[in-house]
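Breakdown of the fold
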Number of protein chains: 2
Amino acid sequence: MKRFVKYGIALGLTACATGLAYAQMKPEDAIRARQSIMRVVALNFGPVSQMAQGKMAFNKDVFTANALRLQSVWAMNVGRFFPAGSDKAVEGSKIAGFTDAKADIWSSPDKFKQAQEGLTQALDKLAAAAKSGDEAAMKAAGGGVGKACKNCHDDFRVKH
Amino acid sequence: MKRFVKYGIALGLTACATGLAYAQMKPEDAIRARQSIMRVVALNFGPVSQMAQGKMAFNKDVFTANALRLQSVWAMNVGRFFPAGSDKAVEGSKIAGFTDAKADIWSSPDKFKQAQEGLTQALDKLAAAAKSGDEAAMKAAGGGVGKACKNCHDDFRVKH
């Protein structure tokens, strides 16, 4: 428990409730936070994307659960976890030994924010479609989410 | 997008929709998946725990949003991301260079499952309390979640 609580404090979580900036977060913690959020997003979008493209059998329950979870997780506002100084891997860190963040994140903050907002809107549409239960609408909205992902990754994530 | 979609496939996400085991996941991907889920859990439980202990001003909106998100994220079933062979750090991996998983996870699978179920129940209570809007009930339920976290970590996570 000690370690668990320590995490909460180290991560500057007070800021979450008080509205303070996450700027005080250590780069190591910020990198881990954002990479973890993006990985959970990927874990949930994976099946949605596959179903939307017809590469996996449509399962309304899984699609809906993942769509609503994506909306909820994205509301964590991953953009807050890119404080100044978190643009490079933390040397010797086992939890933040790399980052795929491009320098454009810090040189074009408005554009970066806009790209995130694009996914917020696409996920709102996805959640609405999931609640409607209309398969065609759900699949179309899934495609919209994929485009919003790509839009941001193209500009702000290093290609491998 | 290519990499994003690749992630989805590599992670064995088809399994999520079809009910297949996650046993085919590569250890590297499983370790990253579970660590990311647990980190997102910690990011959300941090403020809930602090508020429950009176170490942070109570904010009903933040508490409620985090409580519901915890329930949703925990429904991803993190226990599936401990396939055989994922008990050790993956040498040379930048995404799975360590794991705090104890061998007991694989030698006592029933107990491990029971410990996870303990958190499921505690999070259901937390979500119910949050929906009731009763501050005292919310804080009490937050304490229950902390105990469930500790219960599993004591037995199945390496102490540092």
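Every chain is numbered on its own, with residues counted from 1 as its sequence reads. Lettering of chains starts at A and numbering of ligands starts at 1, both following the order in which they are written. The model is predicted, so local features are restricted to residues of pLDDT at least 70 and side-chain atom pairs to those at 80 or more, both for listing and for counting; the totals for chains, interfaces and linings are taken over all residues. Note that water and hydrogens are dropped before the side-chain values are worked out from all heavy atoms of the structure.

Some remarks on the overall build of chain A
In this text, helices come from DSSP runs of H or I with a minimum length of four residues, and strands from runs of E with a minimum of two, each type numbered from the N-terminal end. For chain A, the count of helices and strands is 7 helices and 0 strands. A burial count over chain A gives 49% of its 160 residues as buried. Here the analysis covers contacts within chain A between residues at least 6 apart in sequence; of these, 68% occur between residues at least 24 apart. For every accessible area listed, the method is Shrake-Rupley and the probe measures 1.4 Å; residues are considered covered only by the protein chains on display. For chain A, the accessible area works out to roughly 7,400 Å², and carbon and sulfur atoms hold 55% of it. Only protein chains enter the accessibility calculation, which uses a 1.4 Å probe; a residue whose area is less than 20% of its type maximum is buried, one above 50% is exposed, and one in between is partly exposed. Contact criterion: two residues are considered in contact whenever any of their non-hydrogen atoms come within 4.5 Å of each other.

Examining the confidence of the model for chain A
Residue and element names in this part refer to chain A. As a per-residue quantity, pLDDT reports the predictor's confidence and falls between 0 and 100. For chain A, the mean per-residue pLDDT works out to 90, and 86% of the residues sit at or above 70. Residue range residues 1-21 is modelled with pLDDT below 50. Its contacts to residues more than four positions away, or to other chains, number 49 contacts. Predicted as a complex, the structure gets a pTM of 0.89 and an ipTM equal to 0.89.

Details of the side chain of Asn66 of chain A
Residues and elements named next belong to chain A. As for its placement among the helices and strands, Asn66 is situated in helix 4 (residues 60-74). Residue Asn66 is classed as buried on the basis of its relative accessible area of 3%. Those residues in contact with Asn66 that sit more than four places away from it in its chain are Leu43, Asn44, Pro47 and Val48.

Comments concerning the nonpolar core
One recurring pattern in soluble globular proteins: nonpolar side chains tend to sit buried together. Counting residues in each nonpolar core, the largest one holds 76 residues, and the members touching the most others are Ile37, Leu126 and Val145 of chain A together with Ile37, Leu119, Leu126 and Val145 of chain B. At the level of secondary structure, the elements contributing two or more residues to this core comprise helix 3 (27-52), helix 4, helix 6 (109-132) and helix 7 (135-156) of chain A together with helix 3 (27-52), helix 4 (60-74), helix 6 (109-132) and helix 7 (135-156) of chain B. For Val145 of chain B, the residues in contact, after removing those within four places along its chain, are Phe45, Leu119, Ala122, Leu123 and Leu126 of chain B. Only buried Ala, Val, Leu, Ile, Met, Phe, Trp, Tyr and Cys residues count toward a nonpolar core, and they belong to the same one when joined by side-chain atoms within 4.5 Å.

Digging into the pattern of salt bridges
In the sections that follow, a salt bridge refers to a side-chain nitrogen of Lys or Arg positioned within 4 Å of a carboxyl oxygen of Asp or Glu. On inspection of all chains with the given rule, the structure shows 10 salt bridges over all chains. Here Lys88 of chain B and Asp87 of chain B are joined by a salt bridge, their closest N and O atoms 3.5 Å apart. Taking relative accessible area as the criterion, Asp87 of chain B reaches 34% and is therefore assigned partly exposed. Its salt-bridge partner being Asp154 of chain B, residue Lys150 of chain B comes within 2.6 Å of it at the nearest N-O pair. Taken together, the residues Lys150 of chain B and Asp154 of chain B, both in helix 7 and 4 residues apart, mark about one turn of the helix. Classification of Lys150 of chain B by relative accessible area gives partly exposed; the value is 36%. By sharing partners, the salt bridges in this structure join Lys150, Asp154 and Lys159 of chain A into a single network.

Focus on helix 7 of chain A
Residues and elements named next belong to chain A. The span you would expect from a helix comes to 1.5 Å times its residue count less one. An ideal rise of 1.5 Å per residue puts 32 Å on 22 residues; helix 7 measures up with 32 Å between its terminal C-alpha atoms. Listing the buried residues of helix 7 in full gives Met138, Ala141, Gly142, Val145, Gly146, Ala148, Cys149, Cys152, His153 and Phe156. Seen end-on, helix 7 carries its buried residues on one side only, within an arc spanning 160°. Of the residues in helix 7, the exposed ones pointing more than 90 degrees away from the buried face are Ala136, Ala140 and Lys147. Along the arc lie the directions from the helix axis toward the C-beta atoms.

Re the packing of helix 3 of chain A against helix 3 of chain B
A fitted line through C-alpha atoms serves as each axis, taken over the contacting stretch for helices, and the angle formed by two N-to-C directions is quoted from 0 to 180°. As a packed pair, helix 3 of chain A and helix 3 of chain B sit with axes 8 Å apart at the nearest point and diverge in direction by 115°. One finds that helix 3 of chain A runs roughly perpendicular with respect to helix 3 of chain B. Pair helix 3 of chain A / helix 3 of chain B crosses with left-handed handedness. Residues Arg32, Ala33, Gln35, Ser36, Ile37, Arg39, Val40 and Leu43 of chain A of helix 3 of chain A pack against Arg32, Ala33, Gln35, Ser36, Ile37, Arg39, Val40 and Leu43 of chain B of helix 3 of chain B. In terms of residue class, the contact of helix 3 of chain A with helix 3 of chain B is made up of 8 nonpolar, 4 polar and 4 charged. To sort the angles, those under 35 degrees are grouped as roughly parallel, those over 145 as roughly antiparallel, those from 65 to 115 as roughly perpendicular, and the leftovers as oblique. Here a crossing is called left-handed whenever its near helix is offset anticlockwise from the far helix by less than a right angle, and right-handed whenever the offset is clockwise. When residue character is reported, Ala, Val, Leu, Ile, Met, Phe, Trp, Tyr, Cys and Pro are called nonpolar, Asp, Glu, Lys and Arg charged, and the others, Gly included, polar.

Observations regarding the packing of helix 3 of chain B against helix 4 of chain B
Residue and element names in this part refer to chain B. Running from N to C, helix 3 and helix 4 cross one another at 150°; their axes reach a closest spacing of 9 Å. With respect to helix 4, the axis of helix 3 lies roughly antiparallel. For the pair helix 3 and helix 4, the sense of crossing is left-handed. Residue-level contacts link Ile37, Met38, Val40, Val41, Leu43, Asn44, Phe45, Pro47, Val48 and Met51 of helix 3 to Val62, Phe63, Asn66, Ala67, Arg69, Leu70, Val73 and Trp74 of helix 4.

Observations regarding the state of the cysteines
All names here are of chain A. When two cysteine sulfur atoms lie within 2.5 Å, the pair is treated as a disulfide. Under the counting rule described, the total for this entry stands at 0 disulfides over all chains. This cysteine, Cys149, is not joined by any disulfide, and Cys152 carries the nearest cysteine sulfur, 8.7 Å off. The class for Cys149 is buried, based on a relative accessible area of 5%. Since its relative accessible area comes to 13%, Cys152 is described here as buried.

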